[in-house]
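Given next are the chains, with one letter for each unit.
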Amino acid sequence: NQFGAKTGRFSCSNPNLLNVANPETSSGQNVANGRCIFGPRNGYIWLAADYSQIELRIFANNAREERLIKAFQDGRDPHNETREAIPFLASKPKDIGRKLAKNTNFTVINCGGANVLKEKYGIPINEGKPMIEGFYKAYPSSKTRQKEAAKFAEAKGYIINSFNRKIHVDPNYSYRATSYDIQSSALDLIKISIQRCYDFTKREKLDIHILMSIHDELIFEINSH
């Protein structure tokens, strides 16, 4: 669905392939990996090109959050960076702390708080609060960016994303401005990439097909011969 979301982000239905279960990001202890049942046609292989942490990168850039930007520039894992930056998470085993840090990163950049951590990931409020507070303490420019974006959206009724596209924001929900900004910017970047890849495969007459975009991944089906 090209226009399923206000930001222009792709959405899927019947089935919802964009939200197939993934143990790393889903709540619960025994989440099945629903993605492994999908595969290429006979004679073809799949290649996944991943725009790794694209929304977090856009958020860090727009917020001018130096610590996160430096982590990306140095090739460090931004989720582990957040784990190390928040004492509550740093005290936990590394794998658990990193998963919680990833939940925190995506919750905050999409303008959520401890209540969202509880609703989406089952994290108790008394644990979610120090995670959210720890994020803003470690990355102080983030709060400034969110406030500036919300103030602009409240006054104008829209935000302008990284590709100079206006995205409508209900002034009564201006706190969503940052989320709309990074989602639409990431989507525009990926759509440009899809068009360029399509033009390339046609120009070179390659038996390569763009299967779909799953959030920040482009999936190509390539003739293995």
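For the structure, check the block above.
Residues numbered from 1 in each chain as written. Predicted model: local features only at pLDDT ≥ 70, side-chain atom pairs only at ≥ 80, totals over all residues. Heavy atoms only, no water.

Q: I would appreciate a short explanation of a nonpolar patch on the surface in the present structure.
A: Among the surface-exposed residues, Ile37, Phe38, Trp46 and Leu211 lie close enough to one another that they form a single nonpolar patch of about 410 Å² accessible area. Summarising the element assignment, Phe38 is placed in the segment before β1 (44–50). (Patch = residues over 30% accessible without salt bridge, like charges linked within 9 Å, V, L, I, M, F, W, Y side chains within 5 Å. Areas by Shrake-Rupley, 256 points an atom, 1.4 Å probe, with all protein chains shown as cover. Salt bridge = Lys/Arg side-chain N within 4 Å of Asp/Glu carboxyl O. Helix = DSSP H or I, 4+ residues; strand = E, 2+ residues; numbered from the N terminus.)

Q: Is there a simple way to think about the pattern of salt bridges in this case?
A: Side chains carrying opposite charge are able to pair once their charged atoms draw close together. Counted by the stated rule, this structure contains ten salt bridges. For the salt bridge of Asp74 with Arg76, the shortest nitrogen-to-oxygen distance reads 2.8 Å. Judged by its relative accessible area of 40%, Asp74 is partly exposed. Arg76 gets classed as partly exposed once you look at its relative accessible area, which sits at 34%. Linking Glu84 and Arg83 is a salt bridge whose minimum nitrogen-to-oxygen distance equals 3.9 Å. One network of salt bridges, with partners in common, ties together Arg67, Lys70, Asp74, Arg76 and Glu81. (Buried < 20%, exposed > 50% of the residue type's maximum accessible area, 1.4 Å probe, protein only.)

Q: Quick question: what am I supposed to make of the sheet that holds β1 here?
A: Sheet strands line up and pair through hydrogen bonds in the backbone, either parallel or antiparallel. Strand order in the open sheet made by the three strands is β1-β5-β4, with antiparallel pairing throughout. In this open sheet, the two edge strands, each paired with only one partner strand, are β1 and β4 (208–214). Geometrically, the sheet is characterised by an average inter-axis angle of 25 degrees between neighbouring strands, direction not taken into account. As paired strands, β4 and strand β5 (residues 217–223) are joined by six bridges and run antiparallel to one another. Paired with Ile208 across the strands is Ile222, a residue of β5. Of the strands in this sheet, β4 and β5 touch helix α9 (residues 177–203), which is tilted by about 170 degrees from β4. (Pairing = 2+ DSSP bridges. Axes fitted to C-alpha atoms, helices over the stretch in contact; angles between N-to-C directions. Contact = heavy atoms within 4.5 Å.)

Q: Explain the packing of helix α3 (residues 78–85) against helix α5 (residues 94–109) here, please?
A: A pair of packed helices is captured by two measures, namely the crossing angle of their axes and the spacing between those axes. Following both chains from N to C, one finds α3 and α5 inclined at 100 degrees, their axes separated by 8 Å at the closest point. What the angle tells us is that α3 and α5 run roughly perpendicular. From α3, Pro78, His79, Asn80, Thr82 and Arg83 reach across to α5, where they touch Lys94, Gly97, Arg98, Ala101, Lys102, Asn105 and Phe106. A breakdown of the residues in the contact of α3 with α5 according to their chemical character gives three nonpolar, five polar and four charged. (Parallel < 35°, antiparallel > 145°, perpendicular 65-115°, else oblique. Nonpolar A, V, L, I, M, F, W, Y, C, P; charged D, E, K, R; others polar.)

Q: Please explain unusual backbone geometry as it appears in this structure.
A: Among all residues save glycine, negative phi is the norm, and among peptide bonds the norm is trans. Its identity as a non-glycine residue notwithstanding, Gln53 has a phi of 50 degrees, on the positive side. Position of Gln53 relative to the elements: it lies in the loop between β1 and α1 (54–63). The exposure class of Gln53 is buried, given its relative accessible area of 18%. For Asn164, which is not glycine, the phi dihedral falls at a positive 65 degrees. For Asn164, the location among the structural elements is in the loop between β2 (158–160) and β3 (166–168).

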